[in-house]
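If you want the building blocks of each chain, they are given just below.
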Amino acid sequence: MKKFINDPSMVEEQMIQGMVKAHPRHLRKLDCGNVVVRAVKKEGKVAIISGGGSGHEPAHGGYVGTGMLDAAVAGAVFTSPTPDQIYEAIKAVATDAGVLMVVKNYTGDVMNFEMAAEMAADMDEIEVRQVVTNDDVAVKDSLYTVGRRGVAGTVFVHKIAGALAETGASLDQVQEMAQRVIDNVRTMGAAIAPCTVPAAKTPGFTLAEEEMEVGIGIHGEPGTHRETMRTADEIAGMLLEQILGDLDYSGQEVAVMINGAGATPLMELYIINNHVADVLAAKGVRIYRTFVGEYMTSLEMQGFSISLLRLDDEMKALLDAPADTPAWR
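Here is what the cut-offs are and how they apply
Residues numbered from 1 in each chain as written. Predicted model: local features only at pLDDT ≥ 70, side-chain atom pairs only at ≥ 80, totals over all residues. Heavy atoms only, no water. Axes fitted to C-alpha atoms, helices over the stretch in contact; angles between N-to-C directions. Helix = DSSP H or I, 4+ residues; strand = E, 2+ residues; numbered from the N terminus. Parallel < 35°, antiparallel > 145°, perpendicular 65-115°, else oblique. Contact = heavy atoms within 4.5 Å. Nonpolar A, V, L, I, M, F, W, Y, C, P; charged D, E, K, R; others polar. Polar contact = N/O pair within 3.5 Å; in protein donor to acceptor, adjacent residues only side chain to side chain. Domains from an automatic or database assignment. Buried area = accessible area lost by both parts, 1.4 Å probe. Salt bridge = Lys/Arg side-chain N within 4 Å of Asp/Glu carboxyl O. Pairing = 2+ DSSP bridges. Core = buried A, V, L, I, M, F, W, Y, C linked by side-chain atoms within 4.5 Å. Buried < 20%, exposed > 50% of the residue type's maximum accessible area, 1.4 Å probe, protein only.

Engineer: So, the packing of helix α4 (residues 154-166) against helix α8 (residues 313-320): which residues are in play, and what are the values?
Structural biologist: Packing of α4 against α8 leaves a shortest axis separation of 8 Å and a crossing angle of 95°. By the criterion of interaxial angle, the relationship of α4 to α8 is roughly perpendicular. Note on element contacts: α8 touches α4 through Glu 314, Met 315, Leu 318 and Leu 319, opposite Phe 156, Lys 159, Ile 160, Ala 163 and Leu 164. Residues of the contact of α4 with α8, tallied by class, amount to 7 nonpolar, no polar and 2 charged.

Engineer: Now, about the environment of His 56: what can you tell me, with residues and values included?
Structural biologist: Position of His 56 among the secondary structure elements: in the loop between β3 (47-54) and β4 (71-77). As a C-alpha pair, His 56 and Leu 309 span 253 residues in sequence and 21 Å in three-dimensional space. Setting aside chain neighbours within four positions, we find His 56 in contact with Phe 78, Ile 218, His 219, Tyr 295, Met 296, Thr 297 and Ser 298. At 3.4 Å, the side chain of His 56 forms a polar contact with the side chain of His 219.

Engineer: How would you explain the side chain of Asp 70 if you had to name every residue and give the values?
Structural biologist: Relative to the assigned elements, Asp 70 resides in the loop between β3 and β4. Apart from the residues lying within four places of it in its own chain, the contact partners of Asp 70 are Val 36, Val 37, Arg 38, Lys 45, Val 46, Ala 47, Ile 48, Val 64 and Val 93.

Engineer: An account of the domain arrangement of the chain is needed here, citing residue identities and associated values.
Structural biologist: Here the chain is described as being made up of domain 1 (10-184) and domain 2 (185-320). Domain 1 and domain 2 are separated by 22 Å when their C-alpha centres are compared. In this assembly, domain 1 packs against domain 2 so that about 3300 Å² is buried in total across both faces, 66% of it on carbon and sulfur atoms. A per-residue breakdown of the area domain 1 buries against domain 2 is headed by Phe 78, Phe 156 and Asn 184, which together make up 22% of the total. The partner of Arg 180 in a salt bridge is Asp 312, with the nearest N and O atoms 2.7 Å apart. The interface formed by domain 1 and domain 2 includes 16 residue pairs in polar contact (both at pLDDT 80 or more). Every element with two or more residues in the side of domain 1 that touches domain 2 is listed here: α4 and α5 (171-184).

Engineer: Tell me about the sheet that holds β4, and please be specific about residues and values.
Structural biologist: With mixed pairing, 6 strands are arranged side by side in an open sheet as β1-β2-β4-β3-β5-β6. Sheet topology places β1 (27-29) and β6 (128-133) at the edges, where each strand pairs with a single neighbour. In this sheet, neighbouring strand axes are inclined to one another by 25° on average, regardless of whether the strands run parallel or antiparallel. Strand direction decides the pairing type here: strand β5 (residues 99-104) and β6, joined by 6 bridges, are parallel. Bridging across to β6, Val 102 finds its partner in Val 131. Along the sheet face, helix α2 (residues 83-93) touches β2 (35-38), β3, β4, β5 and β6 and points at about 165° away from the line of β4. Sitting on the sheet, helix α3 (residues 107-124) is in contact with β3, β5 and β6, with an inclination near 165° to β5.

Engineer: Before we move on, can you summarise the nonpolar core with the specific residues and values?
Structural biologist: In terms of nonpolar packing, the biggest core is built from 49 residues, with Phe 156, Val 174, Leu 309 and Trp 328 touching the most fellow members. Those elements that provide at least two residues to this core are α1 (11-22), β4, β5, α4, α5, β10 (253-260) and α8. Among the elements that take part in this core, α4 stands out by supplying 8 residues, more than any other. Of the domains in this structure, domain 1 (10-184) and domain 2 (185-320) are the two that each give at least three residues to this core. With near-sequence residues (within four places) excluded, Phe 156 lies in contact with Val 181, Val 185, Ala 255, Val 256, Met 257, Phe 291, Ser 307, Leu 309 and Leu 319. Core analysis: the next-biggest nonpolar cluster, separate from the first, contains 29 residues, Ala 236, Leu 240, Leu 247 and Leu 308 among them.

Engineer: Give me the lowdown on the packing of α5 against α8, citing residues and values where you can.
Structural biologist: Remark: α5 packs on α8, axes separated minimally by 12 Å, with the N-to-C direction vectors making an angle of 100°. As far as their axial angle goes, α8 and α5 are roughly perpendicular. Contacts between α5 and α8 involve Met 177, Arg 180 and Val 181 from the former and Glu 314, Met 315 and Leu 318 from the latter. Classifying every residue of the contact of α5 with α8 by side-chain character gives 4 nonpolar, no polar and 2 charged.

Here you go:
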């Protein structure tokens, strides 16, 4: 294992410290663990919290700031944060308007966020609600979760719900909007090389030289199948076929996200987007905005995912609304 780290047991702590030192205008670290909150708390608005295991940077701390999240909670690499960490984040950002948690659908995340919400309600009388993202069309009922996994489409929830919360909307309205995004976004990915969790020191899986994993998860967990490597257009077309077959995008206006898993060159992501745009145009699906880059990674996994979000006029305005965070401006 070759990584630019010091002690494998300290990677999460030192990563968060480095992030805060790089972005002091946006972020402040709590003393309770790897929790970052807005440098300046905004009162009177619904506070939005997200998080999960480390290793997905810039998710989730990179999205803390104006127009997106109020707090992000980071567990160990690919491991849910503890209820105590999440509880401290809730207390730090809660306002009279309430708190909305955006939780990716992994068993540990859902359980620990729910426990933290119960603690905040019982001990501090804070109103906390949650939405659970489940945009991955590849796998249902995996080793990690019951139902579909929450993956890169979660970032659209952060952006759109966060923009609405910034306007002073109610908790009911922000929760409804977050759920609307969840109901209208679908994602699928593939990988051609694994990543290595620092504490494990060996890759999470192995692939033969000409093999790829289709439907990969963001923790390196298995997808739907392995097959021989194909061209970028063929892979993108295969993933798009599954996404378009899961939700009716006919005649719709969409946001597209081509998300790199951590070690996929931007050149290759744009090659993938080139074909995605052509396929959608041929099918009469209108692209409103396209996002190409690393939004929710898997350490140094060499792979990518495609997310499509069906938009309405309100969602378009919120997607376009100003945001000022380390990773989204």
